[in-house]
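# Structural overview
For reference, the chains in residue letters:
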Amino acid sequence: MVTINGEKVNAAGLKVSEYLEQNGYDLQKIAVELNEEILPKSQYDGTVLNENDFLEVVSFVGGG
C-alpha cells in the first residue's frame, strides 16, 4: 500500500504519472512530493510507486 494524501491506496507498481492520470489530476495545476521530497514533473513518468511510499499531491488554487 502507498499512503497518498494521508490515505492508504493500493497503488504500488504504478508510475506516478499513471496514478495522477487515473485520478483526474491536471498536471499543470499540481505539485507532487514523494517521501518528503519534491518530485519534478519530468520524473512523473519514470518514477514507480513502491510499497510504503508516501505521496502528497498539492493542487494550486487561484483566487482574487
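Higher on the page you've got the structure.
So, here's what we can say about the structure. Predicted model, so just to flag it, every value in this text is computed and none were measured. (Residues numbered from 1 in each chain as written. Predicted model: local features only at pLDDT ≥ 70, side-chain atom pairs only at ≥ 80, totals over all residues. Heavy atoms only, no water.)

In this section: unusual backbone geometry. One can expect most non-glycine residues to show negative phi and most peptide bonds to be in trans. You will see that asparagine 5, though not glycine, has its phi angle at about 50°, which is positive. Note that asparagine 5 resides in the loop between β1 (2–4) and β2 (7–9). Phi is positive for asparagine 52, which is not a glycine, with a value near 70°. Position of asparagine 52 relative to the elements: it lies in the loop between β4 (37–39) and β5 (54–59). The exposure class of asparagine 52 is exposed, given its relative accessible area of 58%. (Helix = DSSP H or I, 4+ residues; strand = E, 2+ residues; numbered from the N terminus. Buried < 20%, exposed > 50% of the residue type's maximum accessible area, 1.4 Å probe, protein only.)

What follows concerns the nonpolar core. Ranked by internal contacts, the top residues of the largest apolar core, which has 15 residues, are Ala11, Val16, Tyr19, Leu20, Val32, Leu49 and Leu55. Listing elements by their share of this core, those giving two or more residues are β1, α1 (16–22), β3 (30–34) and β5. Non-local contacts of valine 32, meaning those with residues more than four positions away in its chain, are made with Val16, Leu20, Glu37, Ile38, Leu39, Tyr44, Leu55, Glu56 and Val57. (Core = buried A, V, L, I, M, F, W, Y, C linked by side-chain atoms within 4.5 Å. Contact = heavy atoms within 4.5 Å.)

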